[in-house]
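Here is what each chain is made of, one letter per residue.
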Amino acid sequence: MSAAAHTDHGHHHKESFITKYIFSQDHKMIGKQFLITAIFMAVVAVILSILFRIQLAWPGESNSVLSFFLGDTWAPDGVLDRGMYLGLVTIHGTIMVFFVLTGGLSGTFSNLLIPLQVGARDMASGLLNMISYWLFFLSSILMLYSLFLETGPASAGWTIYPPLSIYEEAIPGSGAGMTVWLLSMTIFIASSLLGSLNYIVTVLNLRTKGMKMTRLPLTIWAFFVTAILGVLSFPVLVSAVVLMLMDRTLGTSFYVNDTIIAGEVLEQSGGSPILFEHLFWFLGHPEVYIVLLPALGLTSEIVATNARKPIFGYRAMIGSILAIGFLSFIVWGHHMFISGMNPFLGGVFVFTTLLIAIPSAVKVFNYITTLWKGNIKYTPAMLFSIGLVSSFITGGVTGIILADSALDIAVHDTYFVVAHFHVVMGLSAIFGMFAGVYHWFPKMYGKMMNAKLGMVHFWLTLVSAYGVFFPMHFVGIGGAPRRYYDYSVYEGFDSQQFEMIMDLNVVISIFAIIGGLAQIIFLFNFFYSTFKGQKAVQNPWKGNSLEWTTPVEHVHGNWPGEIPEVHRWPYDYSKPGADDDYIPQTVPLKEGEEDH
Amino acid sequence: MGMKFVVLVVVVLAVIAIAQIMRVYELSSKIRGKREEDIDLRVNNINASLMLVFLLLFFGSFFYMLAVYGNGMLPEPASVLGEKIHWLFNVNWIIVIAVFLLTNGLLFVFAWKYSYHPDRKAHWFPHDNKLEMIWTVVPAAVLAVIIILGLMTWNEITGEPSDDAVVVELYAKQFDWTARYSGDDNKLGFSDYKLIGNAEDKSSGTSYSNPLGLVTDNSVLWRVQGLNDEIAALDENIELEANNLKAYSQANLNKMNAKVEKLRRIRERVLDMTEMYGDSINAFAEDDFVTKELFLIKDQEYFFVLRSQDVLHSAYFPHFRAQMNCVPGQRTSLKVTPTITTQEMRSKDNIPDDFNFILMCNKICGVSHSNMKMAVTVGTEEEFIEWKNGPLATVAINDSIVAPAEIDMERMDWPEPAHHGDHGEEHEDEGHNDHAEEGGESHGDPHGH
Ligand code: HEM
Ligand SMILES: [Cu+2]
Ligand SMILES: [Cu+2]
């Protein structure tokens, strides 16, 4: 299916409700389907986190919110069950990382923007694209279903380290819960692979006339590299998962060696849990960039548009995306410094990991320089983009400490790590996602979201997000391990430590609750505007890229007539000599004018 | 229930109310012809000022927390390597904080300063090779320093222990720790997970337990005895079923049969051990002693050998800034030299009088993960000797409990099936003596390292 085959679309053939809204093959509709699903999953994940934050701040106290959501089974007398605590943490992490920030973010924006910004009628394969969404949907349902299992959901942490994740006798969640988790993730990965292949092919083959790779918006570069990372790394997780399934059901010993579980001496011998850690993090580290890069891509576009300035160092930005993409494959061992891996290897990973800080720094400085002497309009999207740059900095710098293996010894698996990755990945990606939704909402729904509500949403979210994750650094340096039901271990040993952890945990949980509630503003704004929002104009933000040349009302095939030809890069904002402060990509270069 | 209903009604009403307010707002902006994308200057300026306000708040709260919780309030590091880590942490911390303040500062100040004004046009500045060069090279140089300092410390931490390091095993299982001191010879006796278990001699009523799976002549005999009993009990049930005296489901029967076979295979390997270890079988275990509390001597280097029985655990000493994972079927290690005694710690100003060092588990290991701990005391050598002779430390392997004289030691004559024949025996003599020389390593399974 090439772009040409599509040109006759858009005029005739009425679609039924089912082919238009449910089994749609149109990339714009599929993007929206991903978004709505991801929003739903995010709401669930936020609620789960508030439930376990209640336990952390007020351990062992009866709480009616807990009994409301978890009932007598998992919160007898309103006190969270220990096993369920770990289940909540596990499913919260899994949903956020994979379903919201991978499936949701790439699924929504790669789908929506790739054809629109490269100038294609649709994705290379609409059918695969549709299948990709429905697999995502199925895997989401399965993951949610696992919360209702009698023995509880998977509870070995989102990193599912064996042998804990293999034996039901080791933790109840490793029974049916883990089986469903593995099934769900396998389907999820299939979905992600289909999507990624589609994105790659579309970017490579379906660009409109004049759209050279060096004229692509940075969004597309980011989605493109993200898709490549996904295609290269997710299959490794599949193999890790298959080997684990074999260990679980066939009694093989890939990850098991000389263990006794619940008093039963097992014969499995010769495997190693460390093998799993390698396989997991070979995906796991690229995964964090799979989450982050699309968010960076979205903000690059938004920052340039709203600062009315070209993004600074376009080529360096592309270069750093590529460098980050490449390096992210050779740093996975920084999650395993104290796993029992050879210390020499640890040293190598220190080196490669710290290298990645260089392209990251380049990106940060380029964003900041883009703002310098800009003419900044504070749309909600722009606010969230600034939030992203801030959280990327704040989380990135702590990465430097963690990457130093000697220091990692002191803080590995403490709340310092939790703070690091939530700020650098969680916040950045969520901010990027919000920015994207506010910015491209007119493209998705033909309506405008309410800007004032968006601003209130931003400030509340920014303050509560830092309120949650900033103190966490200190809790972590203070020796609070992650995945602890409570910190009573310190009682009778170091009461000062115990009190400090407890005090800060209360602060953190209160901010978490405020931050969670603040999202109601967004939800309201989103759904209200979908139906009742102000009707959008074609190019509300005065942007240069191609999506703003399509009509507000969606047409199948995106452009009613010819696909426009591209003559310049997308960042000609406030170019000297031009009348307007923006020049769309479709405007031919003037006599003697230079392409960037 | 009534309460929930009321809450629900209130929520629904609130949503309706907000929707109505929005409606009015939207209508009025429609009348005024205001478009959502046109942020008016006043609102834009408010957002810009909020950038500055936020920056002040952000940095203010950061400095406040730094002042109050600076090093996480953990007392000063109480080990030699901990001090080094602490120093390195501070160096990095300063660099990191400088970068954090500089970049966040620039970001929010620019965001505040360059907010929109209709009379201004943004400065056309698409790239500048020199600038970009600077902010590639400068971070690279700083990182080079960080890497070099870091790797120097890392090598020191992971390097060989000194010759007079005392070897102690930390044995992890759900959900507790056991410490095994290597005793006067400073060598740990061999251990093998297949020997872990209890056994009873019904005729004399004596019983024997081997929680760490130490390998000695006696423990092998006891384990065979235990396995014989287990197999016999299962066989009996299977027999009963065959005579229609019990009604097991087929699934249960299969399970029992499989278990008998498995236990027989394990028994075979246990029977091999005596020969496998040869003369050295009893060599190092006799002076080992185990405790559920750790007592360390100040300024003495310890070489901890970590083992796990079931799932991953992690030995985490927050006050020593030391941590290492415990991996089932593998031995990992950790060096610690305590520098401050518990008493000295307690006498410091800002430390509570009931302070104690602690060993925790820091790798999710099950439902009671957060309860898995061991008390650690640091004292003088004299205190250690006193403690060692006290009630807390017990012999690791009680070989005074002699195994029953008549244990069925007959080897099974079933053919060793090819697919599990490769589990250990053949490789066994690849020099466990060497390992014993090294001090830490005990033996039993060649895959273990
Ligand atoms: C300057 C760049 C960065 C460096 C040097 C760095 C370094 C590290 C290191 C060494 C760890 C392991 C810490 C430990 O487990 O003890 C870690 C954890 C993590 N990092 Fe980063 N990081 C950087 C940026 C990022 C970015 C950009 C993301 C995400 C977009 C990210 C996401 C994560 C996540 C998710 C984890 C924890 C996973 C877990 O244990 O559950 N990091 N980082
Ligand atoms: Cu990583
Ligand atoms: Cu543990």
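Remember, it's a predicted structure, so these values are computed and weren't measured experimentally. (Residues numbered from 1 in each chain as written. Chains lettered and ligands numbered in written order. Predicted model: local features only at pLDDT ≥ 70, side-chain atom pairs only at ≥ 80, totals over all residues. Heavy atoms only, no water.)

(A) How the structure looks around the side chain of Thr379(A). By the element assignment, Thr379(A) lies in the loop between α10 (343–371) and α11 (380–403). A residue is classified by how much of its surface remains accessible, and Thr379(A), at 3% relative accessible area, is buried. (Helix = DSSP H or I, 4+ residues; strand = E, 2+ residues; numbered from the N terminus. Buried < 20%, exposed > 50% of the residue type's maximum accessible area, 1.4 Å probe, protein only.)

(B) View of the coordination of the copper ion (ligand 3). All names here are of chain B. Within the protein, the atoms that donate to the copper ion (ligand 3) are His313 (ND1), Cys361 (SG), Cys365 (SG) and Met372 (SD), at distances of 2.1 to 2.6 Å. Each of the four donor atoms around the copper ion (ligand 3) contributes to a set of angles spanning 90 to 122°, which defines the coordination as tetrahedral. One chain supplies every donor for the copper ion (ligand 3), spaced along it as H-x47-C-x3-C-x6-M. Take Cys361 and Cys365: they sit in the same class, and that class is buried. (Donors = N, O, S within 2.8 Å, 3.2 Å for Na, K, Ca; no water. Tetrahedral: all angles 85-135°; square planar, octahedral: opposite > 155°, others 65-115°.)

(C) Seen up close, the sheet that holds strand β6 (residues 294–297) of chain B. All names here are of chain B. Strands sit in the order β6-β12-β11-β8-β9 across an open sheet of five strands; the sheet is mixed. Two strands in the sheet have a free side with no partner beyond their single neighbour: β6 and β9 (322–326). The mean inter-strand angle of the sheet, taken between neighbouring strand axes irrespective of direction, is 20°. Pairing of β6 with strand β12 (residues 373–379) involves four bridges; the strand directions are parallel. Counterpart to Phe295 in the pairing with β12 is Thr377. (Pairing = 2+ DSSP bridges. Axes fitted to C-alpha atoms, helices over the stretch in contact; angles between N-to-C directions.)

(D) Here's a closer look at the sheet that holds strand β1 (residues 166–173) of chain B. Residues and elements named next belong to chain B. The six strands lie next to each other as β10-β7-β1-β2-β5-β13, forming an open sheet whose pairing is mixed. In this open sheet, the two edge strands, each paired with only one partner strand, are β10 (332–336) and β13 (394–395). Strand direction decides the pairing type here: strand β5 (residues 289–291) and β13, joined by two bridges, are antiparallel. Residue pairing across strands places Phe289 opposite Val395, the latter belonging to β13. Together, β2 (176–181) and β5 form the strand contacts of helix α8 (residues 381–389), whose direction differs from that of β5 by roughly 90°. (Contact = heavy atoms within 4.5 Å.)

(E) Structural detail: the site of ligand 1. Residue and element names in this part refer to chain A. The environment of ligand 1 is made up of 24 residues, and the closest members are Val288, Asp408, His412, His420 and Arg482. A distance of 2.5 Å is found between an oxygen atom of ligand 1 and a side-chain nitrogen or oxygen belonging to Asp408. Within the contact set of ligand 1, a nitrogen atom lies 2.9 Å away from a side-chain nitrogen or oxygen of His420. Put simply, the parts of the chain that give the shell around ligand 1 at least two residues each are α8 (273–307), α10, α11 and α13 (415–445). In terms of residue count, the dominant contributor to the shell around ligand 1 is α11 (six residues). Residue classes in the shell around ligand 1 are distributed as 15 nonpolar, seven polar and two charged. (Near = heavy atom within 4 Å. Polar contact = N/O pair within 3.5 Å; in protein donor to acceptor, adjacent residues only side chain to side chain. Nonpolar A, V, L, I, M, F, W, Y, C, P; charged D, E, K, R; others polar.)

(F) Highlighting the pattern of salt bridges. Under the definition given, this model contains 31 salt bridges over all chains. A salt bridge links Glu264(A) to Lys262(B); the shortest N-O distance between them is 2.7 Å. Note that Glu264(A) is positioned in strand β2 (residues 264–265) and Lys262(B) in helix α6 (residues 250–277), a pairing that runs across two chains. Overall, Glu264(A) belongs to the partly exposed group, its relative accessible area being 31%. (Salt bridge = Lys/Arg side-chain N within 4 Å of Asp/Glu carboxyl O.)

(G) Inspection of unusual backbone geometry at higher detail. The amide bond that connects Pro162(A) to the next residue, Pro163(A), takes the cis arrangement and shows omega of 0°. Mapping Pro163(A) onto the fold places it in the loop between α5 (126–145) and α6 (176–205). Each neighbour pair has its own omega, and for Gln174(B) with Phe175(B) the value is -10°, a cis peptide bond. Topologically, Phe175(B) is positioned in the loop between β1 and β2. Even without a glycine there, the phi angle at Lys373(A) is positive, about 55°. Mapping Lys373(A) onto the fold places it in the loop between α10 and α11. Of the residues examined, Lys373(A) reaches a relative accessible area of 34% and is grouped as partly exposed.

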